[in-house]
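Chains, contacts and geometry: an overview
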Amino acid sequence: MSFQESPRPSDEEEAFYVQCRAAYLAVFKSSLTNIASKQQLCRALQQAGRNPAHATLNKYWTPRTSKLNFDDFCEILKKEKKTEETELMRAFNKMDLNSDGYISHSELEKALTTRGEKMTTEEVNAIFSLADINKDGKLDYAEFCRLFVSTVEQCQMAALERLEANAKLKRQNFGSRSYSPPKSSVSSASAAAAQAAATLPQPPETDAALKKDSRSSSRPSSARSRRSSLSNSITMTSSSTKASKIPEPSGLQEWHHSSMKGCFFLEDDGSISSLQYQLHVPQTTNVYLTIQPLSLSHVPDKPSSWMTVDTALFVMAAGETKEDSTLVGFTDSKDNEKYVWKGELHAGTYYLLPFTSGCKLKKRSKKSPSNKPIELVYRTDTGELDLTRELREVLSDIFEVIDLDGNGLLSLEEYNFFELRTSGEKCDKDAWAVCKENFDMRKNQLTRQGFMELNLMEATEKDGDPADLWVTLEAMGFNRMLELVDACPFQIDVHCEGTQPSIQPLSMDSGPKLQNQALQKSITARTGAKALRGQDNVFIYTYRGEHRISSLIANKTNQKVTVHVNNEQSRNCCSSRGMSVFAVEVPARTKMVCQHILPINERQDWTYNCVETILPCT
């Protein structure tokens, strides 16, 4: 995966983003607000001059979609072009059997209520009431097409005029810079700031400590707007990632060892999920703990593409409740692909929380494959269905990932993690008994061959229709070319000097919240807070690790604040935000992780230069 600085947007691109913002802000108060329903998506698309069909909406708002942000909206608009008058005319010409330029009410009703995306009689009548100008029961469809296109253009113009007239919206979307019409030159910083609707990889977590000082600044916002800023500059040398490696303990091969596999998955909303784990240590012992990406490459000397993804593991001591858990340590040292933590753990139970920053594992723009999509099933010479060699290789890789304990077999628990991921349902013991009767099993666990047989049976039941197979593959992170692009398998290894550790996989509803708690603590515990200039109650924490820089914003005021973040002067850096300029909205008395920074090229020096500025309240 390669990274490069974004080029300056062209006038055409700038005009496009202005139209995107105008449409979005005709529906929402802020471009930081997420689209929360299919109906909201439809309204925003209509404001942008689109007329989305149900099929189009369902393509972008699937059963797994919970929210879309402004960047997602812009991507949709790039793909869904406006309906042109000529396209509409072609469609009506097909219904105009005698080519006289008119369609009768009955002809139109028959076409619109029986074909394609069916309309109701009431909807057809509504069209006629608008377009039957002569009230003679005939539709002048050329006039209707002109009316339709004119209405679409009026919607767009009204949205643009609202944006032009509302100074608050201009400031909100262009940071501290003034708004300029599309034809003028707008800086790349402003353009990037306008795309600030990317959602945070972690949810905000209200900190009880922030509530102790709830005084909001008495300085008026107009006085704070430009002076409330903070500049951080950190230069990291390429050797700094190697300078303080944690040495592997001598005699490590003699230590007790336990390992577990897992996988990071990129969700539709851009967030990253994975299983969590419970570690039990019977007695106090020295521990050497590592996490690293797991290669599935079948070609020697050709590692898997995701091996450069950064990984981390937070160790939390379990309390009486998950909220009482405390951070013990995390893997802040790196040895090649391994991320390492070494320390002493007392007897007890701990949570192991895998983490990746999102700098290297992120959504790519989905382009239609230039090659023909790979076939998943075929018919043999005898007419029987079978899985293709390409699909068998991918299913074998999936088996490798979901075989969490690495014993070459799938237990019911391991298989259910896979089922929950791909279908949202679990397999009960009765269904597992049926599997035992039909598929290859050993010790009541599914073999690799049995896993193949199960998938072949599902394909056979669908008479070779690969739709369900594609749902499974895409849920596991594969694209239509069978490349693993939206996931990163990993392996955790725990070595204990004096006792045998045990690890169990968990799927906790509170997992993301617990991980965010650990992440915030790892940042605030290692660095001091710096107040934004002129704003006594908004603080920036900047953690500098050996291989990662992370920042956190703490808002101690009684009102939300919007912080404009500018990384444009950084060099050889990639941000988890995917952009160099953006805005973060932090609720009152709340801490929020702002961004993570990694070097693009680890063999070169890298400089993190960030300016954080409070934007005026809107």
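Residues numbered from 1 in each chain as written. Predicted model: local features only at pLDDT ≥ 70, side-chain atom pairs only at ≥ 80, totals over all residues. Heavy atoms only, no water.

For the rest of this paragraph, the subject is unusual backbone geometry. Unusually for a residue other than glycine, N336 sits at a positive phi of about 60°. Counting through the fold element by element, N336 comes out in the loop between β11 (333-335) and β12 (338-345). Phi is positive for L482, close to 60°, though the residue is something other than glycine. In this structure L482 comes out as buried when scored by relative accessible area, which is 12%. (Helix = DSSP H or I, 4+ residues; strand = E, 2+ residues; numbered from the N terminus. Buried < 20%, exposed > 50% of the residue type's maximum accessible area, 1.4 Å probe, protein only.)

Attention shifts here to helix α4 (residues 70-79). Those residues of α4 lying buried are F70, D71, F73, C74, I76 and L77. Capping the start of α4 is the job of one residue whose side-chain oxygen sits 3.0 Å from the backbone nitrogen of D71: N69. (Polar contact = N/O pair within 3.5 Å; in protein donor to acceptor, adjacent residues only side chain to side chain.)

Time to look at the environment of I597. Counting through the fold element by element, I597 comes out in strand β26 (residues 590-599). Separated by 49 residues in sequence, I597 and R548 have C-alpha atoms that sit 5.8 Å apart. I597 has contacts with C359, H547, R548, I549, N567, C573, C574, S575, W606 and Y608, leaving out every residue within four places of it along the chain. (Contact = heavy atoms within 4.5 Å.)

If you look at the biggest cluster of nonpolar residues, it comprises 66 residues, and the most contacted ones within it are L352, I398, Y415, L446, F451, L473 and V494. Ranked by residue count, the leading element in this core is helix α13 (residues 389-402), at 7 residues. Each residue touching F451, except ones within four places of it in the same chain, is listed here: L395, I398, F399, I402, L410, Y415, F418 and L446. Counting 23 residues, the second-largest nonpolar core is a separate cluster that includes L230, V538, M579 and M592. (Core = buried A, V, L, I, M, F, W, Y, C linked by side-chain atoms within 4.5 Å.)

The next subject is the environment of H596. Looking at where H596 falls in the secondary structure, it is placed in strand β26. Relative accessible area serves as the criterion here: at 0%, H596 is assigned to the buried category. Residues H596 and R548 lie 48 residues apart in sequence; the distance between their C-alpha atoms is 7.0 Å. Polar contacts involving the side chain of H596 include one to the side chain of S550, which spans 2.7 Å.

Moving on, we come to the packing of helix α2 (residues 38-47) against α4. Two numbers describe a pair of packed helices, the interaxial angle and the distance between the axes. Two numbers describe how α2 lies on α4: the axes approach to 11 Å, and their chain directions differ by 55°. Classified by the interaxial angle, the pair formed by α2 and α4 is oblique. Every pair of crossing elements has a handedness; the one defined by α2 and α4 is right-handed. Where α2 abuts α4, its residues L41, A44 and L45 lie against F73, I76 and L77. Tallied by class, residues from the contact of α2 with α4 come to 6 nonpolar, no polar and no charged. (Axes fitted to C-alpha atoms, helices over the stretch in contact; angles between N-to-C directions. Parallel < 35°, antiparallel > 145°, perpendicular 65-115°, else oblique. Left-handed = near helix turned anticlockwise from the far one by under 90°. Nonpolar A, V, L, I, M, F, W, Y, C, P; charged D, E, K, R; others polar.)

For the chain, the mean per-residue pLDDT works out to 81, and 81% of the residues sit at or above 70. Confidence drops under pLDDT 50 across residues 1-9; counting only partners more than four residues distant or on other chains, this segment forms 14 contacts. A low-confidence stretch, residues 170-226 stays under pLDDT 50, and its non-local contacts, those more than four residues away or across chains, total 135 contacts. (pLDDT = per-residue confidence, 0-100.)

Bringing the packing of aromatic side chains into the picture now. In this structure the tally under the stated criterion is 12 aromatic pairs. Between the aromatic rings of Y24 and F28, the centroid separation amounts to 4.9 Å while the plane-to-plane angle is 40°, which identifies the pairing as tilted. For Y24, a relative accessible area of 0% corresponds to the buried category. Here a set of aromatic residues connected by ring pairs shows up, and it is made of F399, Y415, F418, W432 and F451. Lying across the ring of F265, R421 places its NZ or CZ 4.1 Å from the centre. (Phe/Tyr/Trp six-rings, centres within 6.5 Å; stacked < 30°, edge-to-face > 60°. Lys NZ or Arg CZ within 6 Å of the ring centre and 35° of its normal.)

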